[in-house]
Amino acid sequence: MARAIGTTGTIGVVGAGYVGLTTAACLAHLGHDVVCVDTDRRKVAQLRGGAVPVREPGLDEIVHDGTRARRLSFTSDIEALAVCGVVMLCLPTPMDESGDPDTSAVDSVVRQLATLLPADAVVASKSTVPVGSAHRAERLLNRADVAMVSNPEFLREGHAVEDFLRPARIVIGASDAWACHLVERMYDGVDAPIVRTDPVSAELAKYACNAFLAVKLSYTNLLAALCERVGAEIGEVARVMALDDRIGASFLRPGPGWGGSCLPKDTVALLRTGRRAGLDFGLVRAAIDVNAQQLDRVVRDVRRAVTGEECGRIAGHRIGLLGLTFKAGTADLRDSPALAVADALAREGAVLTGYDPEVPSDRQRAVADIRLVDDPYQVAKGASAVVLLTEWPEFAELDWSVIGAAANNPVVVDTRGILDDSDVEQPGIDRIALGDGTHRS
Ligand code: UGA
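Let me sum up the structure you'll find in this document. (Residues numbered from 1 in each chain as written. Predicted model: local features only at pLDDT ≥ 70, side-chain atom pairs only at ≥ 80, totals over all residues. Heavy atoms only, no water.)

**Remarks on the overall build of the protein**
The helix and strand tally for the protein stands at 14 helices and 14 strands. Its C-alpha radius of gyration of 24 Å places the protein within 12% of the 22 Å reference for a compact globule of 441 residues. By its C-alpha atoms, the protein is 70 × 50 × 40 Å across when sized along the principal axes. When each of the 441 residues of the protein is scored for burial, the buried share is 53%. Across the protein, every contact between residues at least 6 apart in sequence was considered, and the portion connecting residues at least 24 apart equals 72%. A total of about 19,600 Å² of accessible surface is found on the protein, and carbon and sulfur atoms cover 51% of it. Taken as two groups, the 46 positive and 60 negative side-chain charges of the protein have centres that lie 3 Å from each other. (Helix = DSSP H or I, 4+ residues; strand = E, 2+ residues; numbered from the N terminus. Rg over C-alpha atoms; globule rule 2.2 N^0.38 Å. Buried < 20%, exposed > 50% of the residue type's maximum accessible area, 1.4 Å probe, protein only. Contact = heavy atoms within 4.5 Å. Areas by Shrake-Rupley, 256 points an atom, 1.4 Å probe, with all protein chains shown as cover. Lys, Arg positive; Asp, Glu negative; His and termini not counted. Charge placed at Lys NZ, Arg CZ, Asp CG, Glu CD.)

**Concerning the site of the ligand**
Every one of the 21 residues lining the ligand counts as a neighbour, but Glu153, Glu157, Lys206, Asn210 and Arg416 are closest to it. In the environment of the ligand, an oxygen atom lies 2.7 Å from a nitrogen or oxygen atom belonging to the side chain of Glu153. The separation between an oxygen atom of the ligand and a polar main-chain atom of Phe326 is 2.9 Å. Computed on the free molecule, the ligand has an accessible area of 720 Å², of which 95% lies beneath the protein chains in the complex. Going through the elements one at a time, helix 8 (199–230) and helix 10 (263–276) are the ones with two or more residues in the shell around the ligand. Among the elements that take part in the shell around the ligand, helix 8 stands out by supplying four residues, more than any other. Partitioned by chemical class, the residues of the shell around the ligand number eleven nonpolar, two polar and eight charged. (Near = heavy atom within 4 Å. Polar contact = N/O pair within 3.5 Å; in protein donor to acceptor, adjacent residues only side chain to side chain. Nonpolar A, V, L, I, M, F, W, Y, C, P; charged D, E, K, R; others polar.)

**A short note on the side chain of Glu56**
Summarising the element assignment, Glu56 is placed in the loop between helix 2 (41–48) and helix 3 (59–68). Here Glu56 is buried and forms no salt bridge, its nearest opposite-charge partner Arg55 lying at an N-O distance of 6.9 Å. At a separation of 2.7 Å, a polar atom in the side chain of Glu56 contacts the main-chain amide nitrogen of Gly158. Of note is the side chain of Glu56, whose polar atom sits 3.2 Å from the backbone nitrogen of His159. Apart from residues no more than four positions distant in its own chain, Glu56 is found in contact with Tyr18, Thr22, Arg156, Glu157, Gly158, His159 and Ala160. (Salt bridge = Lys/Arg side-chain N within 4 Å of Asp/Glu carboxyl O.)

**With respect to the sheet that holds strand 6 (residues 147–150)**
Strand order across the open sheet formed by eight strands is 3-2-1-4-5-6-7-8, with mixed pairing between neighbours. Each having just a single partner strand, strand 3 (72–75) and strand 8 (194–197) make up the two edges of the open sheet. Adjacent strand axes in the sheet meet at a mean angle of 25° when their direction is disregarded. Note: strand 2 (residues 34–37) against strand 3, four bridges, orientation parallel. For Val37, the partnering residue across the bridge sits in strand 3 and is Thr75. Helix 8 rests against strand 6, strand 7 (170–174) and strand 8 of the sheet, and its axis sits at about 140° to strand 7. (Pairing = 2+ DSSP bridges. Axes fitted to C-alpha atoms, helices over the stretch in contact; angles between N-to-C directions.)

**Topic: the sheet that holds strand 13 (residues 411–414)**
Ordered by their spatial adjacency, six strands build an open sheet running 11-10-9-12-13-14, and the pairing between neighbours is parallel. The sheet is open, and its two edges are formed by strand 11 (370–372) and strand 14 (430–433), each paired on a single side. Put simply, the sheet's adjacent strands are angled 25° from each other on average, direction ignored. Pairing geometry for strand 13 and strand 14, over four bridges, is parallel. Note on strand 14: the bridge partner recorded for Asp414 is Ala433.

**Let's talk about the nonpolar core**
Counting residues in each nonpolar core, the largest one holds 46 residues, and the members touching the most others are Leu21, Leu59, Met88 and Val122. Element by element, the count of residues in this core is highest for helix 1 (residues 18–29), at eight residues. For Leu21, the residues in contact, after removing those within four places along its chain, are Gly15, Ala16, Leu47, Val52, Pro53, Val54, Leu59, Val63 and Phe74. One finds Ile314, Ile319, Leu339 and Ala350 within the second-largest nonpolar core, a separate group that totals 29 residues. (Core = buried A, V, L, I, M, F, W, Y, C linked by side-chain atoms within 4.5 Å.)

Shown next, in the form of structure tokens:
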């Protein structure tokens, strides 16, 4: 379809979660007029009142700048999108019971957009959606004058603003050149390579990236387990790997498993997409399996810390947990490996106390089996072990002699490798670190 290149006009963003809010605020920051729509009236009222309900570094500031400059507004009225030349979909696609992404939120908005949008509009999906969704949405829209584009986001929680304004690449999957150009113009001012491609490739690329990261992490976690058995240290091994730029330095830190709202869901989605296409993604399946085994490995380390034996009984023992979110820099508890470890320990009868800088005790309802405290030192009180589960840098700054003195049994299981021997040696605390075979007998 050959057309003149239009202007974006007001840009609509549907969804005010961490992706939607970041997208809306960053687009306003780039000089666009943006209206952000969310069905959650409370959230919209909060945003209108100047409160930003999502914790992302730098987000508050650009939301406030945008609203003050009247370039950014919030509403729960989807009709506001009737004036938009481009609408960005930033809606959740959680895993449904069968393991497939639940696209009902996206589908429902697309149906409403069909009757709302002006001529020559573009609907761009930032949400991670099943492969083939853009074509499916085109059929739902049933508007020859409106184009559907896949513009996947690669934002990391905790780095979303930075990742939006300085991305590694911008991916635009479009069947029509005019629609591709329109989306491209939105990013004027962002210095990044633009990958212009077809919608199906763009959709698959998003899953391919997240699943690859998961595979890399599981490989690292398995290597860490091997290090423990052969007397090596994963930090040393990773140091060598990182300097090979075919491998790269990131995603080489072992941990209690990978979690969050994206990697677990997207690996399963790629596996299922492969299966439907007659391909067994054994590599991704193995990464998922290793992730489950990683949880067992951490639980075994905790049993060993408490009882001296990998199969020892921890029932009735007090265990202190440092860190509950799925990674540092976020308040997000969704699919957190820390909570999976806590759950497994609670099932064995351990008595858990937990501290996380982003999970204050007034969020107690979110974590039934853990008594939340607002002071990290309290988790050590009478504890048979302290388990460090999220890599908050402040944990390395704690006075570990206070922890050692408060604990019944001064031992820490450092699942994130953020403590040095020097942090804990002086106060006489035993440290069990993942992937450190130089200290294991
Ligand atoms: C992930 C991707 O990194 C983003 O590029 C993508 O846009 C996003 O999903 C999404 O699909 O929306 P995110 O879920 O925020 O971002 O988290 P990551 O930073 O990727 O971390 C995932 C998990 O891996 C966390 O549990 C983290 O603790 C763990 N991890 C990460 C490690 O255990 N070791 C590492 O070296 C790195």
